[in-house]
Amino acid sequence: MTLHDDAVLVLKAYEGQEELRQVYLDHLSAHPDGMWKACTAGHVTASALVVDPEAGRVLLTLHRKLRMWLQMGGHCEPGDPTLTSAALREAGEESGIEGLTLLPGGPVRLDRHAIPAPCNWHLDVQYAALAPAGSTAEISDESLDVRWFGYDEVAEVADASVVRLVEATRARLAG
């Protein structure tokens, strides 16, 4: 099975955000290269919000290029066997935390956002990753900083898409 095929299966199984989910599926149907950065019509990306539920906090990265506090994530790579493994790889690389595990239940949210040319869109499949107790984060080459924020602090530093991801993650944790 290819990463493209895996992404289609993940999206077909995802419940919620029906209209946006269909945009992703239509994109992948129309673009066999729709998983890759080279697809200028847009491409699927994978991200994960690193969460420490016991402390009620999330780890955000100050993105080097965008200069925004975001969840960990980015482009899929040819070595990624699945979309979930891409999200987990990105979370580990950007946080420096070993032993992350994805929150069960598949993606937490989808988020489509415009990006600068030559590409037009990131079709982000967003997961949540649980950090082991006492985890210490490290700044990656892609970040200016990484920092833990209490759930209620996120809205003060991040954009609405990150706030929605935190809310959806908290709902999944509570449910």
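Structure shown above.
Residues numbered from 1 in each chain as written. Predicted model: local features only at pLDDT ≥ 70, side-chain atom pairs only at ≥ 80, totals over all residues. Heavy atoms only, no water.

This part takes up the packing of aromatic side chains. Going through the model one piece at a time under the given rule, you end up with one aromatic pair. Relative to F149, the ring of W69 has its centre 5.0 Å away and its plane inclined at 75 degrees; by these criteria the two rings are edge-to-face. Pair noted here: W69 is in strand β3 (residues 69-70) and F149 is in strand β8 (residues 143-150), with a separation of 80 residues, a long-range link. In this pair, the class of W69 matches that of F149, namely buried. R112 extends its terminal NZ or CZ atom over the ring of W121, reaching a point 3.6 Å from the ring centre. (Phe/Tyr/Trp six-rings, centres within 6.5 Å; stacked < 30°, edge-to-face > 60°. Helix = DSSP H or I, 4+ residues; strand = E, 2+ residues; numbered from the N terminus. Buried < 20%, exposed > 50% of the residue type's maximum accessible area, 1.4 Å probe, protein only. Lys NZ or Arg CZ within 6 Å of the ring centre and 35° of its normal.)

Among the nonpolar cores identified, the biggest contains 31 residues, and M35, V50, L83 and V125 are the most heavily contacted of them. Those elements giving two or more residues to this core turn out to be α1 (3-13), α2 (18-30), β1 (43-52), α3 (83-95), β7 (121-130) and β8. Counting residues per element, this core draws most heavily on α1, at five residues. Setting aside chain neighbours within four positions, we find V125 in contact with L11, Y24, V44, T45, A46, S47, L83, P107, R109 and L110. Grouped together as the second largest cluster of nonpolar side chains are 18 residues, L62, L103, L165 and V166 included. (Core = buried A, V, L, I, M, F, W, Y, C linked by side-chain atoms within 4.5 Å. Contact = heavy atoms within 4.5 Å.)

Over its 13 residues, α2 extends 18 Å from the first C-alpha to the last, a length consistent with the 18 Å expected when each residue adds 1.5 Å. Where α2 is concerned, the buried positions are R21, Y24, L25, H27 and L28. The buried residues of α2 occupy an angular sector of 155 degrees when the element is viewed end-on, so they sit on one face. Turned more than 90 degrees away from the buried face of α2 sit E19, S29 and A30, all of them exposed. (Expected span 1.5 Å × (residues − 1). Arc of directions from axis to C-beta.)

Our next topic: the environment of L25. One can find L25 in helix α2. Looking at L25, the relative accessible area reads 11%, which means it is buried. For the pair L25 and K12, spaced 13 residues apart in the sequence, the C-alpha separation amounts to 7.8 Å. Discounting chain neighbours no more than four positions away, the residues touching L25 are V8, L11 and K12.

On to the state of the cysteines. One pass over the full model with this rule turns up zero disulfides. With no disulfide of its own, C76 lies 12 Å from the sulfur of C39, the closest cysteine sulfur. (Disulfide = S-S within 2.5 Å.)

Limitation: the analysis is restricted to geometry and does not speak to function.
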